[in-house]
Amino acid sequence: MQILDRLYNYVNYLLKLNTLKSQLRFWGFMLVLLPCVSLMLVFTYYELQNTKREKIDNLQLMITMQHATIDKWFNERSSVIRDMTNWPVIKAQEPDIAAINDRIQQFLQSQDEFFNVGYINKDGITIVNPLAAPGRDVSDRLYYHVAKQGKEYISDVLIGRGAAAGQPVIVFSSPVFDEKGQFKGLIAGSVKLTTIDKIMQQFHFGRTGETYLVNQDGLMITESRFTDQMVKTGVIKDTSRLNLSINTEAFRLARQGQAGYAAYTDYRGHEVLGAYRWLNSRNWIIIGEVEQTEILEPFYREIGIMFVCFLTLMAASLPLSMVLANRLETPIRRLIAGADAMRTGDYSYRVEQSLIDGSVSEIRDLCNIFNYMAENISTKTETLNCANQALTEARDTALDASVAKSQFLANMSHEIRTPLNAILGMGDLLWDTSLTTEQEKYVRVSRSAGENLLNLINDILDISKVEAGHFSLDKVEFDLTDIVEKTCEILALRAHEKDIELSQYIAPGTPVNLVGDPARLRQIITNLVGNAVKFTESGEVVLEIKEGLQLQDGRLELSFIVRDTGIGIPLDKLDHIFERFTQVDASDTRKYGGTGLGLAISKHLIEMLGGSIWVESTLGAGSIFSFTALFDRGSEQARAGQLSIDCIKDQKVLIIDDNATNRLILRETLTAWGAQVDEVSSGQAGLAQLELASANDTPYSLVLLDGCMPEMDGFEVAAHIKAAPHIAGTTVMMLTSNARSGNIQRCTELGIAGYLVKPVKRSELRQSILNVLGRCQLPGASTLHDQQMTDERQQIPVKILLVEDSVDNRLLIESYLKKTSHQLDMAVNGEIAVAKFKLSRYDLVFMDMQMPVMDGYQATKAIRNWEREQGLERTPIVALTAYALQEDTAKTREMGCDAHLTKPIKKSVLLEAIARYAGGKQT
Ligand code: ADP
């Protein structure tokens, strides 16, 4: 099978039969050709065998018949001579010579075969001889001796002498007996071969068929059919009898006494087929033969006819195979065209029924199935199209609904935030006034409830953004340290209220200059660290950041771990807490507030940042939330700036802190800056270490002292240091969890050089250390001194235009700025704002976006246009929006705002915005 396969492939390759049509044509043709050729070969073979067989049979029959005829001829001639011996004239006691002579003469004249007949007496003397004078002595002749023995005799062919000189004759003799039975003489007659020749010539058939007799010496007895021809062609010269030697295969085989047939070269040199037979009675051989060419003539004729028939068949098979190929190929072509039509979305194509009806059953089935399939697809497509249409309509309706929902959300957000702005703001203002303890309690509750409400609104807004797919990511360069520290700074307030240590730790070497969405990262950290603080009653909350996997595409994976020592999460809830509105304690009496949305939002944001989040927790012992996020790397220059801190290099620093995490963070940070760091976990150990260093004359340049420690707190340690003269010179910096004014006062009294609130910002720590060690000050670092400077700067008056329709909010902002030296002008809608803007110059504009008459967008646009027309410098415009959706922010930028603040706006945020955006004025 494999060989056939290969052969098939080879033929295909050789003849390039790469279309179905060519294959069908070729193999169709071959299907006719191969059986025809095979049949022809078989037929040819049998026909050849038959023709030969037939000829051989004929030849054998012929020579058998001739054999009988010759035998008969000899018998007849013998009996003629025998009869003569009984003639009365011969039998008479005294033979009458004349009478015998007469009688013989009469006999010779009555026929022409006997050449001569003579009567010989018992002594061998011819008595009567019509052709010669009597009295010749023939007693030496064989026939006389045989006759004398009383037997008849027939000679071989002899060449006659005397009258029969040169003529081939056969001598017959028969003894003559007297009445007593005594040998008295013999009759001898010589017979010409004419009759034998004739007998042989009777069997000269066709153009080349002949039979002839050969004697045992291989000489041809009878006359050859081709004597004349042979003479002409010079094969023989002498035509006399017994002169032509026959040494053919037939002769040799017959000489061995066999009878049979053979194909051989005859005495003339022609290829013949011959039958041969040994004549026992005469010791002669009879051969009948015919030239092969003549035998094969009819065969060739038949083959010729057959070949013509074959060619005709072939010629007929070509169009037949083409018709066949067409019949098979046409529907297949139609099928291909159909499949192609379907590919291009045309499902109306069908193979015609007339074509199907005329096809073979397999193709018919195929076409029927195709049509059926096409019908099905077309119906289904139609159904699908209808369904799609319905779906599109439904989607459009849903989209409309979604737009309406978003609009509703935005409106709701606006509507809720606007009064909330006033509530929270007023609460803040109230908080800053002198209150009784009871009032303080009420205000605290009110502020906290307001904050919770704001968080709730933010979460709900976020989750609806997630659902609507409205979240999109920013791609800006930011400082990870900055984000982490600022976020933790805010969260630290809550932590410190609960007396929990909150520390953040960025592993040394972690790239901090990143490109990504810092706002989203801040949101995630706020949520996770906020949760950790919320669900922890004592102990610590640590945020740890390190570099994750190296990615192929050059991006950076950071790993964030938020560890707490809080209440933990039951194992069976671990999988569910990332689902929306899922809380471990969902009871009405639950202790911790919240919506159950924070983790769902965070998870979504983390996935948007290309990372994942997971949690491990032990009930009662704490939880570890880990997540990863991908960022692009920021510029190298910025990163290098983060690392180059030479001033702290080689300084001896002692860390005194009971919290191991804090110690670790401080140690890692300071070691990375090149300092030599030692650490102890208690005040006593710290003092002992300081004493020891002093004794060894290797005092510490700096002591980082935790303010809040069990047994001996930081202030006590500082007091001890101050009291011990040999170590009193050491510079001490206090790290504490709260910045109460009393604490700062105590620090000054105890001679503490610096004061930092935990979690310690890396930049602050660096700047403070540099300050207290009396070294250079790095630009951009923020410390308590900076804070004072900022406050001072804020005192530089800035002329502000507040555009706000809400009386409450106008009042709020006015109150915020009451104690500052800023000059506030107000407009209740955009139109008035534009008019005012045209009349006087402002350093900064706060623009509410949703206002009657002319909204903030139009007003901003108008102001920008006017600035352009007048060739004025761009006045910073900060949008105040109650909508917290990203599109709104984008829209404010589009209209020409420089920044935006989302309501409710805190006093600190407002002041910071003034400081930042009216910066040009202050420098
Ligand atoms: P919320 O905190 O507003 O309830 P979250 O989605 O942030 O919503 O958290 C879902 C729930 O997961 C929380 O209610 C709390 O049961 C559990 N949870 C989250 N963080 C912690 C944590 N650090 N320790 C213990 N439980 C936690």
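Located above this text is the structure these notes cover.
Fair warning: this is a prediction, and the values are worked out from it, not measured in the lab. All chains use their own residue numbering, which begins from 1 and follows the written sequence. Per-residue local features of the predicted model are confined to residues with pLDDT of at least 70, and side-chain atom pairs are confined, for both listing and counting, to 80 or more; whole-chain, interface and lining totals are unaffected and use all residues. To obtain the side-chain values, all non-hydrogen atoms of the structure were included, while hydrogens and water were left out.

1. Some points on the site of the ligand
- The local shell around the ligand holds 21 residues, among which Asn 531, Asp 564, Gln 583, Val 584 and Leu 599 are the closest.
- Polar contact is defined as a pair of N or O atoms within 3.5 Å, subject to the rule that within protein one atom must be able to donate a hydrogen and the other to accept it, and that residues adjacent in sequence are counted only when both atoms are side-chain atoms. Here an oxygen atom of the ligand and a side-chain polar atom of Lys 534 are 3.0 Å apart.
- Between an oxygen atom of the ligand and a main-chain N or O atom of Gly 596, the distance comes to 3.2 Å.
- When the free accessible area of the ligand is taken as 530 Å², the share hidden by the protein chains comes to 97%.
- Listed by contribution, the elements that provide at least two residues to the shell around the ligand are α14 (518-534), α15 (598-608) and β16 (622-633).
- Secondary structure elements are defined from DSSP: runs of H or I of at least 4 residues count as helices, runs of E of at least 2 residues count as strands, and each element is numbered from the N terminus. Looking at the shell around the ligand element by element, the count peaks at four residues for α14. Nearness here has a simple test: a residue counts as near a molecule or strand if at least one of its heavy atoms is within 4 Å of that partner. Areas reported as accessible are Shrake-Rupley estimates using a 1.4 Å probe. Residue values count occlusion only from the protein chains shown.

2. Considerations on the side chain of Arg 77
- Along the chain, the position of Arg 77 falls in helix α2 (residues 20-85).
- Here's how the labels work: a residue is buried when its accessible area is under 20% of the maximum for its type, exposed when over 50%, partly exposed in between, all with a 1.4 Å probe on protein chains only. The class of Arg 77 is buried, set by a relative accessible area of 10%.
- Once residues lying within four places of it in the same chain are set aside, the contact partners of Arg 77 are Glu 113, Phe 114, Phe 172 and Thr 195. Contacts are assigned to residue pairs with any non-hydrogen atoms lying within 4.5 Å of each other.

3. Digging into unusual backbone geometry
- Of note, Leu 242 is a non-glycine position whose phi angle comes to about 60 degrees, a positive value.
- For Leu 242, the location among the structural elements is in the loop between α7 (227-233) and α8 (249-255).
- Within the chain, Asp 697 stands out as a residue other than glycine whose phi angle is a positive 65 degrees.
- Looking at where Asp 697 falls in the secondary structure, it is placed in the loop between α18 (683-695) and β19 (702-706).
- Here Asp 697 falls in the exposed class, since its relative accessible area comes to 64%.

4. Here's the deal with the environment of Ile 127
- Within the fold, Ile 127 resides in strand β2 (residues 126-128).
- C-alpha of Ile 127 to C-alpha of Ser 110: the two residues are 17 residues apart in sequence and 21 Å apart in space.
- Apart from residues lying up to four places away in sequence, Ile 127 is in contact with Ile 97, Tyr 119, Ile 120, Asn 121 and Pro 134.

5. Topic: the pairing of strand β9 (residues 284-291)
- Buried residues dominate β9, accounting for eight of its eight residues.
- By the alternation rule, side chains of β9 split into Trp 284, Ile 286, Gly 288 and Val 290 and Ile 285, Ile 287, Glu 289 and Glu 291, which are all buried.
- The criterion for strand pairing is that DSSP finds at least two bridges linking the strands in question. Bridge count between strand β6 (residues 210-215) and β9: six bridges; the pairing is antiparallel. The residue bridging Thr 211 from the neighbouring strand is Gly 288, located in β9.
- In terms of strand pairing, strand β8 (residues 271-279) meets β9 through eight bridges, oriented antiparallel. Considered in β9, the bridge of Val 272 is made with Glu 291.
- Two successive antiparallel strands, β8 and β9, enclose a turn made up of four residues, where Asn 283 displays a positive phi of approximately 60 degrees.

6. Re the pairing of β6
- Where burial is concerned, most of β6 is hidden: six out of the six residues are buried.
- The side-chain alternation of β6 yields two buried faces, one formed by Glu 210, Tyr 212 and Val 214 and the other by Thr 211, Leu 213 and Asn 215.

Interpretation in functional terms is not warranted from these geometric data alone.
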